[in-house]
Amino acid sequence: MSVVDPTPAANRPAALTVSHLSVVFGRGASALKAVDDVSFMLRHGEAFGLIGESGCGKSTVLRALAGLNSEYGGSIAFHDREVPHKRDKAFFRRVQMVFQDPYASLHPRKMVQNVLAEPLKIHGFDRPQERIDEILTAVGLGPSFRYRFPHELSGGQRQRVAIARALIIEPELLLLDEPTSALDVSVQAEILNLLKQLRRDRDLTYLMVSHDLAVVTHLCERVAMMSEGRILEEMSAADVRAGRAHEPYTREFLEASVGYRPIA
Amino acid sequence: MDRPLLEVEDLSVSFRGAHRTVQAVRGISFSVGREKVGIVGESGSGKSLTGRTILKLTPKAATISARKLSFDGIDLLAASERQMRTIRGNRISMILQDPKFSLNPLMRVGEQITEAYRLHHKVGGKEAEARALAMLEAVKIRDPARVFRLYPHEVSGGMGQRIMIAMMLIPEPDLIIADEPTSALDVTIRRQVLSILDELVTRRGAGLIFISHDLNLVADFCDRVLVMYAGRIMEDIPARELRNARHPYTRALLDSLPRLDRQTDMLQVPSRDPAWLDGPTLQSGSRA
């Protein structure tokens, strides 16, 4: 696999360090520990996946990282500097998120060009018109899509706009929350290819959350299996493919993910 | 093999609009015996509509036409609404995608299952209750007496889907249409639910139409697979041969999937051939 930077991944600097992250919902007797002492590290240029079933806390981790939930314990460091619980603009300039449902994440009454102009304005970028054309071309849509409304786009095209919105301010870390689970398989293939290409072209770092093992291992080199708010184990994509898991739960998950075998 | 349970010939479903008529299902033919038949396709391919048409549960705006649409010798196309009511649930039943939306939120789980049984069998409350409890046990629910008294919001997704299966199978239908029954479930739960469905369908010798978008799942779970695209059946193929499918559309779908068993750099994005829109159904593999 060709990567822009020839430095071996292991020697690259840490982009994101999460230590002892915990998120609790509710208080007292009804408190629910959704994320329980989660630690992991992402090197610059790496793609890391969090997998698990619904309710395991994977999306909660992502939301805490993105600053959508500032009530968390533990620390999150970006390039070895701890980020404030309430994120500042400088953080969002470098970390952006792509959501699961492209039907819900775009404003229905905003034209594509307005969707893309907003982050540029917030972060004070110059040449907005050129940048919009550039990013639309990079995500495979082309400048003619500027004047479309979301309802004039297919699911795959919407997700491309959502990716363009995240990338237009040239961030280095992209948080991906099940970016293809609402799409058909052929469209999923398009978006996965696009994400792979963009990562190479722009030297991006990905943190992806998904319940689909095949999708995660396709895009990420390393994955962590989550269950009941905890990370059970970390594996390389090759380990997952070969079914090398230590925890019984992970093994069961891997087995259940490859088609259907009746329970004996 | 004896006569198939369901015979469909040249079935079309169209929606008449103010400006144009949309042909959602276009002249498809297939038959289902006492076997597990998968229908796969992308969204908008007409797979769900085909399932609903068999039960005549299509929206009012839909126009159905077919040379033949018969179930166990009954002409469904000519059947009255009254006749259809004796067929639905009793002889053909349907399991939908999300139990959250298909169970009545105001009725206890047990009552719903009992009702399904008593609608089609003249039995007393006590006997129906005993049957319902036995059915809950058959779908591997521990402590059926407790679950019997729960409301749908008190059960998990996987348990909800098992309750749906119990409800749909208790009248002992001959044909079950399952429309994405496990898409809303986690993979480990999916396996349990499918095992139960598989066991019950096989043991009772019923027919199953399994509608799904998941090719890998259908290849493992079903006996035969119909691949739909744009309202047509592209290929009719034994499930165990699906991975060696010959139709370019089926091949393209398979190639577009990220795979666990081998690493690919870039995935194939299917290109579509307009000739498929009116092409014949490819009958692949050895016929039974």
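Below is a summary of the structure that appears in this document. (Residues numbered from 1 in each chain as written. Chains lettered and ligands numbered in written order. Predicted model: local features only at pLDDT ≥ 70, side-chain atom pairs only at ≥ 80, totals over all residues.)

**What to know about the overall build of chain A**
Part 1 of the argument: Within chain A, the secondary structure is distributed over 9 helices and 10 strands.
Part 2 of the argument: At 19 Å, chain A has a C-alpha radius of gyration in line with the 18 Å of a compact globule built from 264 residues.
Part 3 of the argument: Once the C-alpha set of chain A is aligned to its principal axes, its extents read approximately 55 × 45 × 40 Å.
Part 4 of the argument: With 264 residues in all, chain A has 41% of them scored as buried. (Helix = DSSP H or I, 4+ residues; strand = E, 2+ residues; numbered from the N terminus. Rg over C-alpha atoms; globule rule 2.2 N^0.38 Å. Buried ≥ 20, exposed ≤ 12 C-beta atoms within 10 Å, placed from the backbone.)

**Focus on the overall build of chain B**
Part 1 of the argument: Across its full length, chain B holds 10 helices and 12 strands.
Part 2 of the argument: In terms of its C-alpha atoms, chain B occupies a principal-axis envelope of roughly 60 × 50 × 45 Å.
Part 3 of the argument: Taking all 288 residues of chain B together, 44% fall into the buried category.

**Digging into the packing of helix H4 (residues 109-118) of chain B against helix H7 (residues 157-169) of chain B**
All names here are of chain B.
Part 1 of the argument: Two numbers describe how H4 lies on H7: the axes approach to 8 Å, and their chain directions differ by 25 degrees. Taken together, the axes of H4 and H7 are roughly parallel relative to one another. Considering the relative orientation of H4 and H7, their crossing is right-handed. Together, Val109, Gln112, Ile113 and Ala116 of H4 and Ile163, Ala166 and Met167 of H7 make up the contact between the two elements.
Part 2 of the argument: Here the residues of the contact of H4 with H7 sort into 6 nonpolar, 1 polar and no charged. (Axes fitted to C-alpha atoms, helices over the stretch in contact; angles between N-to-C directions. Parallel < 35°, antiparallel > 145°, perpendicular 65-115°, else oblique. Left-handed = near helix turned anticlockwise from the far one by under 90°. Contact = placed C-beta atoms within 7 Å. Nonpolar A, V, L, I, M, F, W, Y, C, P; charged D, E, K, R; others polar.)

**Re the nonpolar core**
Part 1 of the argument: Membership of the largest hydrophobic core comes to 157 residues, with the highest contact counts inside it found for A:Tyr206, B:Ala166 and B:Val218.
Part 2 of the argument: If you tally residues by element for this core, the top one is H7(B), at 8 residues.
Part 3 of the argument: Beyond its immediate stretch of four places on either side in the chain, A:Tyr206 contacts A:Ala47, A:Phe48, A:Leu174, A:Leu176, A:Arg199, A:Leu219 and A:Cys220. (Core = buried A, V, L, I, M, F, W, Y, C linked by C-beta atoms within 7 Å.)

**Side note on the sheet that holds strand S8 (residues 175-179) of chain B**
To summarise the sheet geometry, strands pair through backbone hydrogen bonds and adopt either a parallel or an antiparallel arrangement.
Residues and elements named next belong to chain B.
Part 1 of the argument: Taken together, 7 strands build an open sheet; the order of strands is S7-S8-S9-S3-S10-S11-S12 and the sheet is mixed. The open sheet has two edge strands with one neighbour each: strand S7 (92-95) and strand S12 (282-283).
Part 2 of the argument: Pairing of S7 with S8, which is carried by 4 bridges, proceeds in the parallel orientation. Of the residues in S8, the one forming a bridge with Met94 is Ile177. (Pairing = 2+ DSSP bridges.)

**A look at the sheet that holds strand S10 (residues 230-236) of chain A**
Residue and element names in this part refer to chain A.
Part 1 of the argument: Strand order in the open sheet made by the 6 strands is S6-S7-S8-S3-S9-S10, with mixed pairing throughout. In the strand order of this sheet, the two ends are held by strand S6 (95-98) and S10, each with one partner. For this sheet the average axis-to-axis angle between neighbouring strands, irrespective of direction, equals 20 degrees.
Part 2 of the argument: Direction of pairing for strand S3 (residues 47-51) relative to strand S9 (residues 222-227): parallel, over a ladder of 4 bridges. Looking at the pairing, Leu50 lines up with Ala224 of S9.
Part 3 of the argument: Each of S3, S6, strand S7 (173-177), strand S8 (205-210) and S9 touches helix H1 (residues 58-66); the most contacted strand, S7, lies at about 145 degrees to it.

**Details of the interface of chain A and chain B**
Part 1 of the argument: Contact residues are listed per partner, giving 27 residues for chain A and 31 residues for chain B.
Part 2 of the argument: Secondary-structure elements contributing two or more residues to the side of chain A that touches chain B are helix H6 (185-202), helix H7 (213-219) and helix H9 (248-257) of chain A.
Part 3 of the argument: Looking at which element gives the most residues to the side of chain A that touches chain B, the answer is H6(A), with 7 residues.
Part 4 of the argument: Grouping the amino acids of the side of chain A that touches chain B by side-chain chemistry returns 13 nonpolar, 8 polar and 6 charged.

**Overview of H7(B)**
Residue and element names in this part refer to chain B.
Part 1 of the argument: Here H7 contains 13 residues, and its C-alpha end-to-end distance of 18 Å stays within 8% of the 18 Å for a straight helix at 1.5 Å per residue.
Part 2 of the argument: Buried residues dominate H7, accounting for 11 of its 13 residues.
Part 3 of the argument: On its buried side, H7 packs onto S7, helix H3 (99-102), H4, helix H5 (125-138), S8 and helix H8 (187-204). (Expected span 1.5 Å × (residues − 1).)

**Observations concerning the pairing of strand S3 (residues 36-40) of chain B**
Residue and element names in this part refer to chain B.
Part 1 of the argument: In terms of residue burial, S3 counts as a mostly covered element, since 5 of its 5 residues are buried.
Part 2 of the argument: The side-chain alternation of S3 yields two buried faces, one formed by Lys36, Gly38 and Val40 and the other by Val37 and Ile39.
Part 3 of the argument: Bridge analysis of S3 against strand S9 (residues 207-212) gives 5 bridges, and the strand direction is parallel. The residue of S9 that forms the bridge with Gly38 is Phe210.

**A few points about unusual backbone geometry**
Part 1 of the argument: Even without a glycine there, the phi angle at A:Arg127 is positive, about 40 degrees.
Part 2 of the argument: Take A:Arg127: it is sitting in the loop between helix H3 (112-122) and helix H4 (128-138).
Part 3 of the argument: Of note, B:Asp143 is a non-glycine position whose phi angle comes to about 55 degrees, a positive value.
Part 4 of the argument: Taking the C-beta count within 10 Å as the criterion, B:Asp143 has 9 such neighbours and is therefore assigned exposed.

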